[in-house]
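Reading the structure
If you want the building blocks of each chain, they are given just below.
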Amino acid sequence: MTLFDETLVAFPGERTIYSDLNFLLLQEIVIRVSKKTPFGNVSFYDYYKENFITPLKLTQTLFAPDSSFISRIAPTDSLFQEKINARKPLVHDPTAAIAKGIAGNAGLFSNATQIASLASIFLENGSTQSIRFLMPKTISIFTKKITDRTLGLDTKTSSSSMCGKYFSYSTYGHLGFTGTSFWIDPERKLLVVLLTNRVFPNQTNKLIAKFRPLIHDAIVRAIDPFAKPLN
């Protein structure tokens, strides 16, 4: 893999550098550790289907959906898709698109209900629907704050965070470029999935930055009218 030829920019824990390369590497690790064939993305998808789709019945959560799903998929900025003459629907992320939609860093299509099923594995310390998917130690490692992030997850660092002013400082989650996100507040036992297509018709619309905290504040206030904002 070309990834193995990359030069280390900073040691782990030194500073935050947002990059997709780590999850592309993690994809390769999953393939090799699970003793699937070390070549090609199909085996990575097979691992995902065997270990997540089937036990959780995630029939609407998949990589590289065929054209039968197109009426249920929100449109995104199509300039890149048109440039490479790609079939649709196609993942918005260029790296994942080049990998035919199956990649460790992007490419998963789903709906809010089924994303919540996946994310609840974190909220429930590695188990959901009475099935263990990850060990509690793994959850602890991946949700421990290192800088202003964990290993692959964002965290709440101030009252102006994208998860709003009411979520606790133990909150962690992820923001998707196209306008998607999930946030988990373990203190409130609260999980919020937000799916939008803010990049349609183009990427210049930045209003999602104002909308995200507002919707999370509204959710907390609906649950707890007496919630106090964090300073």
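Rules used throughout
Residues numbered from 1 in each chain as written. Predicted model: local features only at pLDDT ≥ 70, side-chain atom pairs only at ≥ 80, totals over all residues. Heavy atoms only, no water. Helix = DSSP H or I, 4+ residues; strand = E, 2+ residues; numbered from the N terminus. Rg over C-alpha atoms; globule rule 2.2 N^0.38 Å. Buried < 20%, exposed > 50% of the residue type's maximum accessible area, 1.4 Å probe, protein only. Core = buried A, V, L, I, M, F, W, Y, C linked by side-chain atoms within 4.5 Å. Contact = heavy atoms within 4.5 Å. Patch = residues over 30% accessible without salt bridge, like charges linked within 9 Å, V, L, I, M, F, W, Y side chains within 5 Å. Areas by Shrake-Rupley, 256 points an atom, 1.4 Å probe, with all protein chains shown as cover. Salt bridge = Lys/Arg side-chain N within 4 Å of Asp/Glu carboxyl O. Polar contact = N/O pair within 3.5 Å; in protein donor to acceptor, adjacent residues only side chain to side chain. Expected span 1.5 Å × (residues − 1).

Named according to an unreviewed UniProt entry, the protein chain is Beta-lactamase-related domain-containing protein originating from Potamilus streckersoni.

Moving on to the overall build of the protein chain. A tally of regular secondary structure across the protein chain gives 7 helices and 8 strands. Taking 2.2 N^0.38 as the reference for a compact globule, 231 residues should give roughly 17 Å; the C-alpha atoms of the protein chain span a radius of gyration of 18 Å, in line with that estimate. Oriented by its inertia axes, the alpha-carbon framework of the protein chain measures out at about 50 × 40 × 40 Å. When the 231 residues of the protein chain are sorted by exposure, 36% land in the buried category.

The subject of this paragraph is unusual backbone geometry. Each neighbour pair has its own omega, and for Phe-200 with Pro-201 the value is 5°, a cis peptide bond. The phi angle at Gln-129 is positive, at roughly 55°, despite the residue not being glycine. At Ser-130, a position not held by glycine, the phi torsion is positive, near 65°. For Ser-130, the location among the structural elements is in the loop between strand 3 (127-128) and strand 4 (131-132). Classification of Ser-130 by relative accessible area gives exposed; the value is 83%.

Ranked by size, the top nonpolar core spans 15 residues in total, and within it Tyr-45, Tyr-48 and Leu-118 carry the most contacts. Looking at this core, the elements that each hand over two or more residues are helix 2 (42-56), strand 1 (62-63) and helix 5 (112-123). The element that contributes the greatest number of residues to this core is helix 2, accounting for 6 residues. Residues within four places of Tyr-45 in sequence aside, it is in contact with Ile-53, Leu-62, Phe-63 and Ile-102.

It is worth spelling out a nonpolar patch on the surface at this point. Taken together, the side chains of Phe-4, Leu-25, Ile-29 and Val-33 present a nonpolar region at the surface, about 360 Å² in accessible area. With respect to the helices and strands, Phe-4 occurs in the segment before helix 1 (21-33).

Before going further, it helps to spend a moment on the side chain of Ser-127. Locating Ser-127 in the fold gives a position in strand 3. In terms of polar contacts, Ser-127 uses its side chain to reach the side chain of Arg-132, at 3.1 Å. Once you skip the residues sitting within four places of it in the chain, Ser-127 turns out to touch Ser-120, Ile-121 and Arg-132.

Here we come to helix 7 (residues 208-223). Quick reminder: α-helices carry 3.6 residues per turn. Residues three or four places apart thus point the same way. Between its terminal C-alpha atoms helix 7 stretches 23 Å, which fits the 22 Å expected from 16 residues at 1.5 Å a residue. Those residues of helix 7 not exposed but buried are Ile-208, Arg-212, Pro-213, His-216, Asp-217 and Val-220. As for helix 7, its buried residues are in contact with strand 6 (172-175), strand 7 (180-185) and strand 8 (190-195).

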